[in-house]
Amino acid sequence: MRYAALALPLLLAASVALTGQEPTSGELLRAVERQLQAAHAGAGPSVACVVVSRSDQYPPKPGGDAPGRLGGFDPKQYLKDNPQAKPAVANALDLSDVRTISDHGFACGVVVDEKGLILTPYHVVDGATKIYVHLSGHAGSYADIHAADARTDLAVLRLLDPPPGLRAIKFADVKLPTDRARTTVAPGKLAVLMANAFVPGVRLNRPSAALGSVTNVHASLNLAGGKEVQRSTSYYYYGPLLEHDAKLNAGISGAALLNLDGELIGLTTTAPVLSQGEKAPDYALPMDDRLQRIVAVLCRGEEVEAGYLGVQIPNGPDALPNMAPNGVALSWVLPLGPLALAGVRDRDTITHINGARIRRYEELLTHISGALAGSKVTITTVQAGEVTVTLGKLQHGQPFIASARPAAVFGLRVDHGSMLAQLAQNSANPQILSEGVPPGVTIQEVAAESPAAAAFKKIEDQKLSDATKRWLITHVNGAAVATPREFYAAAKDQKSVKLTLIDPTEARAARKAREVTLP
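The rules behind the values
- Residues numbered from 1 in each chain as written.
- Predicted model: local features only at pLDDT ≥ 70, side-chain atom pairs only at ≥ 80, totals over all residues.
- Heavy atoms only, no water.
- Buried < 20%, exposed > 50% of the residue type's maximum accessible area, 1.4 Å probe, protein only.
- Helix = DSSP H or I, 4+ residues; strand = E, 2+ residues; numbered from the N terminus.
- Pairing = 2+ DSSP bridges.
- Polar contact = N/O pair within 3.5 Å; in protein donor to acceptor, adjacent residues only side chain to side chain.
- Contact = heavy atoms within 4.5 Å.
- Arc of directions from axis to C-beta.
- 1 Å grid on protein atoms, 1.4 Å probe; cavity = no way out; pocket = protein on both sides within 12 Å on 5 of 7 lines; lining within 4 Å.
- Points joined across faces, edges and corners; volume = space filled by probe spheres on them.
- Nonpolar A, V, L, I, M, F, W, Y, C, P; charged D, E, K, R; others polar.
- Salt bridge = Lys/Arg side-chain N within 4 Å of Asp/Glu carboxyl O.
- Expected span 1.5 Å × (residues − 1).
- pLDDT = per-residue confidence, 0-100.
- Disulfide = S-S within 2.5 Å.
- Axes fitted to C-alpha atoms, helices over the stretch in contact; angles between N-to-C directions.
- Phe/Tyr/Trp six-rings, centres within 6.5 Å; stacked < 30°, edge-to-face > 60°.
- Core = buried A, V, L, I, M, F, W, Y, C linked by side-chain atoms within 4.5 Å.

So what's going on with the pairing of strand β9 (residues 241-244)? Which residues, and what values?
Burial of β9 is two-sided: the residues Leu-241 and Glu-243 facing one way and the residues Leu-242 and His-244 facing the other way are all buried. Examined bridge by bridge, strand β8 (residues 208-218) and β9 share 4 bridges and lie antiparallel to one another. Looking at the pairing, Val-214 lines up with His-244 of β9. Sheet topology places β9 next to strand β12 (residues 282-286); 3 bridges connect them, and they run antiparallel. Paired with His-244 across the two strands is Asp-282, which belongs to β12.

Written as structure tokens, this is what we have:
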């Protein structure tokens, strides 16, 4: 009733405008009821219960070394393959039986594709050995991890046996006050929390819902204590979060935070909770255009390649938070980084990204990470003015899962050249920081006993085996390549490819190109 009362003035104004008559309080409350019922009917079938086991008693994973391939589980087949096992053990491992949920663990998720893709936080499935997704109407399926990204704490599951009639949840147009644009989600906005949560003794069928509001929109929680390296490694250190007061369970991740139209505005998460108890704030990852872009990458089964500029801000207590009146001050611009290649130098100040005013380093990270590697952004600085920057890929060290990877070229996979620049940042060799290099891609992986491994051995240079990733591929069959996409496009369906390599640690005057032919 307390939250319904918040909507009364708006409903009253709308009713008077349409009919010229002031509605009764009963009519207003019934209007609120109808809106909530419609939201529940529309979004309810898209909210799932995700059961996760980390037991080591399951048979070997069908995917071998593929981290996301978990497969299903058949208790009858398990007993047939393990005659010494007790039926009680097999039953306890069967996640399709709701009676086993309390022995494992559960959270929530939302259907994002009718073909059987489920969105849930990464921390929910981290370390999982088996996953089962319970859906509305007593349907369900075991699931693999289709793609996942620890840095943004998002994962997409793929149902192994998706039931017919799945309904994808609708995403809202989420514009936050921190974007300084047309705001659609702000403190005071009414919200519906919907969760398909396990309750002992109650069969899973339809999700439960509670009415509440967005109580705050945090630009960031600043959990990293102001350290730049930490801030760049997790969304929770720099990204905006929704705080809400809708209550269903004592904290659950992966539930849907909806607007009154039943559209997703946030995915709940317990990861950043700093305190315990009923009065602890509840948070949700806002499904704005940046996170929706990342969800789209995960739905394709691909790695999320966070954007990278190659900058360093002033450190120390006197410099934090980095909040200059006219933008974000830069103490250093990485010589081989994307921003330096666009002409920006040390001691400059970034004022805008794609026309949006930037005042804090966390805002810079939010815009750049959400833009993704390889995309072009417009950066405005005090000294250089307006420049177009092709973003590199951030090397953050957080785990990820990608079921859809580009096919290796004779055993060779590549990555963005900016990864080489970040490797150089910690290099003791000053040449790699002082000598300019052309665009290119760095070597990510050379499969053992592959044609690529054999070809590289023909080059009598120990550096190829000692530090393969420090080499830059600039051309494929004579055509310049600047991104992995260009590399794979140039090498696709070729019976033979000739790679041109350079060693950026060599002085420019003495630098020589090397050629490797595959196979």
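Help me get a handle on the side chain of Ser-220, residues and values and all.
Tracing the backbone through its elements, the reader meets Ser-220 in the loop between β8 and α6 (228-231). Ser-220 gets classed as buried once you look at its relative accessible area, which sits at 12%. At 3.2 Å, the side chain of Ser-220 forms a polar contact with the side chain of Arg-360. Beyond its immediate chain neighbours, meaning those up to four positions away, Ser-220 contacts Tyr-237, Tyr-238, Gly-239, Arg-360 and Glu-362.

An account of helix α8 (residues 289-299) is needed here, citing residue identities and associated values.
An α-helical turn contains 3.6 residues, so a residue and the one three or four places further along point in the same direction. Three or more residues of α8 are buried, namely Arg-290, Leu-291, Ile-294, Val-295, Val-297 and Leu-298. Each buried residue of α8 sits inside an arc of 155° when the element is viewed along its axis, so together they form one side. Along its buried surface, α8 packs onto β3 (117-120), β5 (140-149), β6 (154-159), α7 (235-238), β12 and α10 (361-371). Following α8 by one or two positions, Gly-301 has its phi on the positive side, about 80°.

Can you lay out empty space enclosed by the protein for me, pointing to particular residues and giving the numbers?
Once rolled over the atoms, a probe with the size of a water molecule shows which space is left empty. Here the structure, examined in full by the defined rule, presents 4 cavities of 30 Å³ or more. Approximately 100 Å³ is the volume attributed to the largest cavity. Together, 13 residues line the largest cavity, and Leu-193, His-244, Gly-251, Ile-252 and Asp-282 are the ones closest to its centre. Looking at the lining of the largest cavity, the elements with two or more residues in it are β11 (264-269) and β12. Of the residues assigned to the lining of the largest cavity, the class counts are 5 nonpolar, 6 polar and 2 charged. Reported here for the second largest cavity is a volume of approximately 70 Å³. Here the element with the most residues in the lining of the second largest cavity is α10; it accounts for 4 residues. Its residues assigned to classes, the lining of the second largest cavity shows 3 nonpolar, 3 polar and 5 charged.

How would you explain unusual backbone geometry if you had to name every residue and give the values?
Here the bond from Leu-518 into Pro-519 is cis, since omega is -5°, no more than 30 degrees from zero. Inspection of the secondary structure assignment puts Pro-519 in the segment after β28 (514-518). The phi dihedral of Phe-410 falls on the positive side, at around 55°, and the residue is not glycine. Along the chain, Phe-410 turns up in the loop between β22 (400-402) and β23 (412-416). Using a relative accessible area of 23% as the deciding quantity, one classes Phe-410 as partly exposed. With phi around 55°, Asn-477 is a residue other than glycine that occupies positive phi space. Among the structural elements, Asn-477 can be located in the loop between β25 (472-476) and β26 (479-480). Asn-477 gets classed as partly exposed once you look at its relative accessible area, which sits at 36%.

Go over the pattern of salt bridges, please, and point to the residues and values.
It is possible for side chains bearing opposite charge to pair when their charged atoms get close. Overall, the coordinates contain 12 salt bridges when judged by the stated rule. Ionic pairing is found between Arg-290 and Asp-288, a salt bridge with its closest N-O pair at 3.1 Å. The pair formed by Arg-290 and Asp-288 is uniform in burial state, with each residue classed as buried.

Give me the lowdown on helix α2 (residues 25-43), citing residues and values where you can.
A rise of 1.5 Å per residue sets the reference length of α2, with its 19 residues, at 27 Å; its end C-alpha atoms lie 27 Å apart and thus fit the reference within 8%. Among all positions of α2, only Leu-28, Val-32, Ala-39, His-40 and Ala-43 are buried. Each buried residue of α2 sits inside an arc of 115° when the element is viewed along its axis, so together they form one side. Away from its buried face by more than 90 degrees, α2 exposes Arg-34, Gln-37 and Ala-38.

Residues and numbers for the confidence of the model for the protein, please.
Detailed reading of the predicted coordinates is not advisable wherever pLDDT is low. Per-residue pLDDT for the protein has a mean of 84; in total, 84% of the residues score no lower than 70. Within the model, the stretch residues 224-229 combines pLDDT values under 50 with 10 contacts to residues more than four positions away or in other chains. Taken together, the stretch residues 316-323 has pLDDT below 50 and engages in 14 contacts with residues farther than four places along the chain or on a different chain.

Report on the state of the cysteines, specifying residues and quantitative values.
Per the counting criterion, the structure on display carries 0 disulfides. This cysteine, Cys-108, is not joined by any disulfide, and Cys-49 carries the nearest cysteine sulfur, 5.9 Å off. When its relative accessible area of 0% is taken as the criterion, Cys-108 is described as buried.

Lay out the sheet that holds β11 in plain terms, naming residues and giving numbers.
Strand order in the closed barrel formed by 6 strands is β7-β8-β9-β12-β11-β10, and the pairing between neighbours is antiparallel. Recorded for the sheet is a direction-independent mean angle of 40° between the axes of neighbouring strands. Of the pairings in the sheet, the one linking β11 to β12 comprises 4 bridges and is antiparallel in character. Across the sheet, the residue bridging to Gly-266 is Pro-286, located in β12. On the sheet, α2 packs against β7 (190-195), β8 and β10 (256-258) and is oriented at approximately 40° with respect to β7.

Give me the packing of aromatic side chains: which residues, what numbers.
Counted under the stated rule, the structure contains 7 aromatic pairs. When the ring of Tyr-235 is compared with that of Tyr-236, the centres are 6.4 Å apart and the planes differ by 85°; the resulting orientation is edge-to-face. In terms of burial, Tyr-235 and Tyr-236 fall into one category: buried. The structure contains a cluster of three or more aromatic residues connected by ring pairs, namely Tyr-58, Phe-73 and Tyr-78.

Tell me about the nonpolar core, and name the residues and values.
Ranked by internal contacts, the top residues of the largest apolar core, which has 54 residues, are Leu-154, Leu-309, Leu-339 and Ile-379. Ala-48, Val-50, Ala-150 and Ala-155 belong to the second-largest nonpolar core, a separate cluster that totals 23 residues.

Any chance you could break down the environment of Gly-72 for me, citing the residues and the numbers?
Checked against the element boundaries, Gly-72 lands in the loop between β1 (47-53) and α3 (75-81). On the basis of relative accessibility, which here comes to 39%, the residue Gly-72 falls in the partly exposed class. Considered as a pair, Gly-72 and Lys-130 are 58 residues apart in the sequence and their alpha carbons are 7.3 Å apart.

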